[in-house]
Amino acid sequence: MLRKFCPPVNPGRFNLAETKVNTRLSVKSIVLGHDAKRIRLHHEMVDEAGQVQATAEHMLMHVDTEAGRASPMAAPLTERLAALSPGQSGLEVPEHAGRPIRDIGWPEPEVS
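Owing to the predicted nature of the structure, the values given are computational and were not obtained by experimental measurement.

(A) Looking closely at the overall build of the protein. Within the protein, the secondary structure is distributed over one helix and six strands. Each helix and strand of the protein, ordered N terminal to C terminal, gives the series β-β-β-β-β-β-α. By the burial criterion, 32% of the 112 residues in the protein qualify as buried. Sequence-distant contacts, at least 24 apart, represent 62% of the contacts inside the protein between residues at least 6 apart. A total of about 7,600 Å² of accessible surface is found on the protein, and carbon and sulfur atoms cover 52% of it.

Here's what the structure looks like:
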């Protein structure tokens, strides 16, 4: 069974400033939420002075290409997302996040 992530659904991109040639940039990426089939990501491109140049928000959908539809993610991806959730879910959500893509929240932790 071949599984993959399809191209981002309804990406939200915001160009906030003009970036000059040879400007050093860094990108900060955070997970804003996930469920069994989707991951919501936010990226922020920042220059050396700390000014945000651009942002992008994406919803990734896990797809079973043989079935031709969305399908639940499996290990090791689910394990890695579970490990990220406690730290990422406590981060401040950027003000503009969620305008193009709705919030999907976080799954309830499994009780051992």
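Still more ground to cover, so stick around.
(B) Region of the structure containing the confidence of the model for the protein. In the predicted model, the protein carries a mean pLDDT of 82, and the fraction of residues at 70 or more is 83%. Looking across the protein, the model is least confident in strand β1 (residues 3-5), with a mean pLDDT of 53, and most confident in strand β3 (residues 25-34), with 92.

(C) Spatial organisation of the pairing of β3. Looking at chain direction, β3 and strand β4 (residues 38-47) are connected through nine bridges and run antiparallel. Paired with Gly33 across the bridge in β4 is Arg40. In this structure, the hairpin formed by β3 and β4 is closed by a connection of three residues.

(D) Expanded view of unusual backbone geometry. The omega angle of the peptide bond from Ala75 to Pro76 is 5°, so this bond is cis rather than trans. Along the chain, Pro76 falls in the loop between β6 (69-70) and α1 (77-88). Phi is positive for Asn22, close to 70°, though the residue is something other than glycine. In this structure, Asn22 sits in the loop between β2 (9-15) and β3.

The rules behind the values
Residues numbered from 1 in each chain as written. Predicted model: local features only at pLDDT ≥ 70, side-chain atom pairs only at ≥ 80, totals over all residues. Heavy atoms only, no water. Helix = DSSP H or I, 4+ residues; strand = E, 2+ residues; numbered from the N terminus. Buried < 20%, exposed > 50% of the residue type's maximum accessible area, 1.4 Å probe, protein only. Contact = heavy atoms within 4.5 Å. Areas by Shrake-Rupley, 256 points an atom, 1.4 Å probe, with all protein chains shown as cover. pLDDT = per-residue confidence, 0-100. Pairing = 2+ DSSP bridges.

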